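# Structure assessment
The lines below spell out each chain.
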Protein chains: 4
Amino acid sequence: MLNIAVIGYGYWGPNIVRNFVEAPGANVLAVCDQDEARLEQAQSRYPGITTTMNPEDLINNDAIDAVAVVTPVATHYDLALKALQSSKHVLVEKPMTATVEQGETLVQEAQQRGLTLMVDHTFVYTGAVRKIQELVNSGELGDVYYYDSTRINLGLFQHDVNVLWDLAVHDLTIMDYVLAEKPIAVSATGISHVAGEPENVAYLTLFFENNMIAHINVNWLAPVKVRSMLIGGSKKMIVFDDLEPSEKLKIYDKGITVSDAPESVYEMLIGYRAGDMWAPKIERSEALRVEALHFVECIQDNKTPLTDGKAGLRVVRILEAANQSMQQQGARVALPAAH
Amino acid sequence: MLNIAVIGYGYWGPNIVRNFVEAPGANVLAVCDQDEARLEQAQSRYPGITTTMNPEDLINNDAIDAVAVVTPVATHYDLALKALQSSKHVLVEKPMTATVEQGETLVQEAQQRGLTLMVDHTFVYTGAVRKIQELVNSGELGDVYYYDSTRINLGLFQHDVNVLWDLAVHDLTIMDYVLAEKPIAVSATGISHVAGEPENVAYLTLFFENNMIAHINVNWLAPVKVRSMLIGGSKKMIVFDDLEPSEKLKIYDKGITVSDAPESVYEMLIGYRAGDMWAPKIERSEALRVEALHFVECIQDNKTPLTDGKAGLRVVRILEAANQSMQQQGARVALPAAH
Amino acid sequence: MLNIAVIGYGYWGPNIVRNFVEAPGANVLAVCDQDEARLEQAQSRYPGITTTMNPEDLINNDAIDAVAVVTPVATHYDLALKALQSSKHVLVEKPMTATVEQGETLVQEAQQRGLTLMVDHTFVYTGAVRKIQELVNSGELGDVYYYDSTRINLGLFQHDVNVLWDLAVHDLTIMDYVLAEKPIAVSATGISHVAGEPENVAYLTLFFENNMIAHINVNWLAPVKVRSMLIGGSKKMIVFDDLEPSEKLKIYDKGITVSDAPESVYEMLIGYRAGDMWAPKIERSEALRVEALHFVECIQDNKTPLTDGKAGLRVVRILEAANQSMQQQGARVALPAAH
Amino acid sequence: MLNIAVIGYGYWGPNIVRNFVEAPGANVLAVCDQDEARLEQAQSRYPGITTTMNPEDLINNDAIDAVAVVTPVATHYDLALKALQSSKHVLVEKPMTATVEQGETLVQEAQQRGLTLMVDHTFVYTGAVRKIQELVNSGELGDVYYYDSTRINLGLFQHDVNVLWDLAVHDLTIMDYVLAEKPIAVSATGISHVAGEPENVAYLTLFFENNMIAHINVNWLAPVKVRSMLIGGSKKMIVFDDLEPSEKLKIYDKGITVSDAPESVYEMLIGYRAGDMWAPKIERSEALRVEALHFVECIQDNKTPLTDGKAGLRVVRILEAANQSMQQQGARVALPAAH
């Protein structure tokens, strides 16, 4: 039985607690939050759980094997580092850290101590994204030409991170899992409509070594909610609409075939194929449940999580580069090849 | 009665011919195309029209008052310049020219000769865009915060221009008409999936002096057709879906109000308002008919067209800057302030 | 403080319990169900509540002022009657009873004893239906010409009632609240695809004295879920799509104007108006919360509930007539004028 | 070469003329209409065609082999009968005649003279309906449980026929082609909102001998246009949305399996399967072109048309019965078994 403590019981924390409470092999011992009212709520729902306002209480508690850090980004590093240093396995909310440097330290610390460091890249554990990964990696799509996502809504303006760190991060975790290639550079643009606040509208392009491009459009100030993503391949293309209640994923049998015919202005070089559309059934298990079980299993069997610290670091690296590019209104910022 | 000749009877030319044939005050005298089969088709539809494969025949014909140039972009400059030099008024397909330099020459030539130079920015003459212009300029939207357009489909790959010149050009003409402010710089990214061919996927950000940003997502390789545009304002927001048969325009009574309260991570600075949605009735006249009448009227009354050579030049300037930025993977390229 | 007991803790019961627990002025004393596991669940959520498998325990408990009956239809009558006879106020799930005769007895019993009998016509307490009622009764729609609803999905086949009693009942409660006129006759058709089971597909037409008609299409065997309703008026028309997350209600400024011109086969008698569409903001409070507060208020202030026993009886009368008509494959079955 | 004359050049006639003009093996000799302006338009488009206001001119013309009757329903019988009596093959607009008696006479006349009598059941020649027929008849759907269609819009009120004859007729032609079984009785309800005019809202249920039901909802007074149809089978179900530009047909792998387990109120008798959805590519040829070629081929090869006079008569029989039922507010009206 794995004893877990959860730090942070705000918006997302209750979901983490509930899923570990229900996960066979796991046991939630304690919950920590700065807000007493939140703790009372946790207490009333789970009378057997210890609550505290001081994270040190959990980190220094020998009965606790693992800590989930579900707090604002700025605090991830300190809490996760202390937990690792106290020999706890760690699950940390995404984005993993506020800087690449912090992320590197966490990864190194976990590695040296042989502890599991996992990042809560929730989308990776959804049925839809797993099906996309299958389609891409089985070669069914052919060569991947582009990934294009729109993730907009009338959202809460956040004060500590910009809209890329809040919304584009989802796509970065999906791409990290689904695409074989990693980006080599970024170009980002954005704007803040409230003086002194982080960008609330932003656009991010990712460049790859091969014949592929990715783009993410995020916006906290849209009148309609959109969660729509396209992946174009040489053989097939995917449309993923996460707001569709039943047909989230549509696969189109459309593609292009390049011919070698001599070209001219009036002549088409490219032959189009257009055929059936197919909406596969998607596994409906709650992603967080799958993820909680995976965390427990990785610790018990000493396996590397699908979304380990290195994956978390790759995502932070892109976000940091995107911030740099955005400062320069779109200038290309390279990513390290080996990352 | 204005006597008009049309050069180019390919995809768009027949629409231009039909609308001038039906426009009171105009008379189509001649049609020119390089393809004999196209000319035969024009002849059979309009037995009274003269056809020719040689544009000089029209340009040197004294009976002709005005020439419409509906040919590939690369040929616009030569044909339009010769027509102006022969004292013809000119309507030229968008984008007006292949370079800024060419555009400047055309504008100057028309000006010196006192001739009407108009560009076929068709969207400006649609009921939907006119309604948007009204909403923006009446102040009903409040301050405009962003313009964000997605214009994608499985389209014909063009060999002479990239996807920005083919699809983003529509948004540039709309913005030129609708927004009071003009962009001061651009950042563009894109990719070609066929070696030696122009970019078929591209993303363009436009920067403005004030608190506004614009973004255009264009793609010839999408499995679904999308023609969707958002304009976010401080008071209201517009969603324009050009594929909706009846409710193309929706206006949302949603906006943000910035308060001066001291901020904290857990505290909201911003108050949201969310209210009714409203889909105004849109004028359904064919845009090209409105445009043809406007061209005739501008010549007869010596008025400046809504989409004159200067508007055409502003659009070409942005497209040329976008190409430069795309070469540098997103680097900011400034636009002249006075443009 | 009103002390309430809830009989039935299956699918809907927990919602009733939760809303009375949270309603100021109400107190849930006890919950009854035949299934021990359900009772344990209720107990763990609300440790202060008494649970029992015997409804008599609640009905005979003098501390209890009101009873909510949330059990299968066949049992409504017995439980509600006993509760009334023990001087409890009663809230009963819809449809109120399995027969008109039962319904009449309940209404009479409540009346004689001066007790509140209310039926859980939940839709009447939603923001959307209240807005519809406003629009219809303010005259904004003009004369109401028709009510047309489609309510289909891949649903659980029920064994005790047919699909009209399960799904069409929602529309009957809405119509009872929204329309000034009451139906005078019905025609219903339907089919059961499983031998010995009640109809799982059915169609119900309602006739009115004036120039109006209503129709309801219900189906437990549809591949897609639809909750869509039209109300056509002489001035405006409403589309209510309950599955739309944000714009549930759309009001169309479309209507017809009848002219007196002499007619001919080739001539139109009718002039159409088509104008704006408008989606009003809908109050988002949970319907059951509004309803729970209304029940408490009606008892305390001795007011007649919006959905009293007579409303419940009117709905049962239509359902019973519909069953008769369905037996005769659509034959008209009259409803009593005074009902 | 088959020489054809077309009587009626109003809304639909020009499409018939154009498709026969373009059909190899056919030749349009003459067009007849009561409206001189329409004839002038036909003449200017097809200078080689003879025009006349007198249908007798065509019927008595020995050079003419076949006549297409594209006039109001009331006139079909006289024109078609005269044409058959003059030994012309006949294509007649749907519904074939205004009464069953008229239809029987036409079928008999054509049969005795060995002439081709075909009805313009256009939908039967669309790619979508042909694909549906394939799916149903290959057994892929399993047993067909229901056919349910909604066909509504803000339409022109017609003066000579009610909305069933105008809109439901489409579904009757589709069912006649797609379903193996023929209906044995109908129940219809409807209303006219304009005194003295035919019903503009109507609902039609069709009963079959086996475990199947059909229903059609038609309305000329709806604020939105809907063309949506469901066919539910024991194995799969079809959704046909004719307004969808690209995915008109969706096939759902959803069905029910009836188990023999003992039932109870709380227990499910029925197991649901829910799986993939699939949108097959649809043949996009113009239906009327396919139909025109079929008419020519049937005459030349002496084959029975897919939509022959008997099919036309079956449809008229249902419409006549529906009118009778509607007079009696839904009473069951039987159809002859042999029809």
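Everything below is about the structure printed above this text.
These notes cover the structure that comes with them.

Conventions and cut-offs
Residues numbered from 1 in each chain as written. Chains lettered and ligands numbered in written order. Predicted model: local features only at pLDDT ≥ 70, side-chain atom pairs only at ≥ 80, totals over all residues. Heavy atoms only, no water. Buried < 20%, exposed > 50% of the residue type's maximum accessible area, 1.4 Å probe, protein only. Helix = DSSP H or I, 4+ residues; strand = E, 2+ residues; numbered from the N terminus. Pairing = 2+ DSSP bridges. Salt bridge = Lys/Arg side-chain N within 4 Å of Asp/Glu carboxyl O. Axes fitted to C-alpha atoms, helices over the stretch in contact; angles between N-to-C directions. Parallel < 35°, antiparallel > 145°, perpendicular 65-115°, else oblique. Left-handed = near helix turned anticlockwise from the far one by under 90°. Contact = heavy atoms within 4.5 Å. Nonpolar A, V, L, I, M, F, W, Y, C, P; charged D, E, K, R; others polar. Phe/Tyr/Trp six-rings, centres within 6.5 Å; stacked < 30°, edge-to-face > 60°.

Before going further, it helps to examine the pairing of strand S8 (residues 185-191) of chain D. Residue and element names in this part refer to chain D. When you tally the buried positions in S8, you get six out of seven residues, the bulk of the element. Relative to strand S9 (residues 201-207), S8 runs antiparallel, the two being bridged by seven bridges. Along S9, the bridge assignment pairs Thr189 with Tyr203. When S8 meets strand S15 (residues 333-334), the two strands line up antiparallel, connected through two bridges.

The final tally for this structure, using the stated rule, is 48 salt bridges over all chains. Linking Asp242 of chain A and Lys248 of chain A is a salt bridge whose minimum nitrogen-to-oxygen distance equals 3.5 Å. In this structure Asp242 of chain A comes out as partly exposed when scored by relative accessible area, which is 25%. Between Glu286 of chain B and Arg18 of chain B there is a salt bridge; the shortest N-O distance is 3.1 Å. Taken together, the residues Glu286 of chain B in the loop between strand S14 (270-279) and helix H8 (287-301) and Arg18 of chain B in helix H1 (residues 13-22) connect sequence positions 268 residues apart. With relative accessibility at 36%, the residue Glu286 of chain B sits in the partly exposed group. Residues joined by salt bridges that share partners form a network here, namely Asp176, Lys182 and Arg314 of chain A.

All names here are of chain D. Contact geometry for helix H7 (residues 163-178) and helix H9 (residues 309-327): axes closest at 10 Å, N-to-C directions at 130°. Considering the angle they form, H7 stands oblique to H9. Crossing of H7 over H9 shows right-handed handedness. Mapping the contact onto sequence places Leu164, Trp165, Val169, Leu172, Thr173 and Asp176 in H7 and Ala311, Arg314, Val315, Val316, Ile318, Leu319, Glu320, Ala322, Asn323 and Met326 in H9. Of the residues contributing to the contact of H7 with H9, the split by class is 11 nonpolar, two polar and three charged.

A separate point is the sheet that holds strand S2 (residues 26-32) of chain C. All names here are of chain C. Strands sit in the order S3-S2-S1-S4-S5-S6 across an open sheet of six strands; the sheet is parallel. Among the strands making up the open sheet, the edge pair consists of strand S3 (50-52) and strand S6 (117-120). Across the sheet, the mean angle separating the axes of adjacent strands is 25° when strand polarity is ignored. In the sheet, S2 pairs with S3 via three bridges, with the strands oriented parallel. Bridge pairing in S3 places Cys32 opposite Thr52.

Each aromatic ring pair is specified by the distance between its two centres and by the angle formed by the two planes. All names here are of chain A. Taken as a whole, this structure holds eight aromatic pairs over all chains when the rule is applied. With a centroid separation of 5.9 Å and 65° between ring planes, the pair formed by Phe20 and Phe295 is classed as edge-to-face. Taken together, the residues span a long stretch of sequence, with Phe20 in helix H1 (residues 13-22) and Phe295 in helix H8 (residues 287-301) at a distance of 275 residues. Residue class for Phe20 comes out buried when judged on its relative accessible area of 2%.

Here we come to the environment of Asn210 of chain B. Summarising the element assignment, Asn210 of chain B is placed in the loop between strand S9 (201-207) and strand S10 (213-219). Using a relative accessible area of 33% as the deciding quantity, one classes Asn210 of chain B as partly exposed.

Residues and elements named next belong to chain C. Counting buried positions over the five residues of strand S12 (residues 237-241) gives four, a clear majority of the element. In this sheet, S12 lies alongside strand S11 (residues 221-233) in antiparallel orientation, the contact comprising five bridges. Bridge assignment links Ser228 to a residue of S12, and that residue is Asp241. In textbook terms, the turn of a hairpin is the stretch between consecutive antiparallel strands, and for S11 and S12 this stretch comprises three residues.

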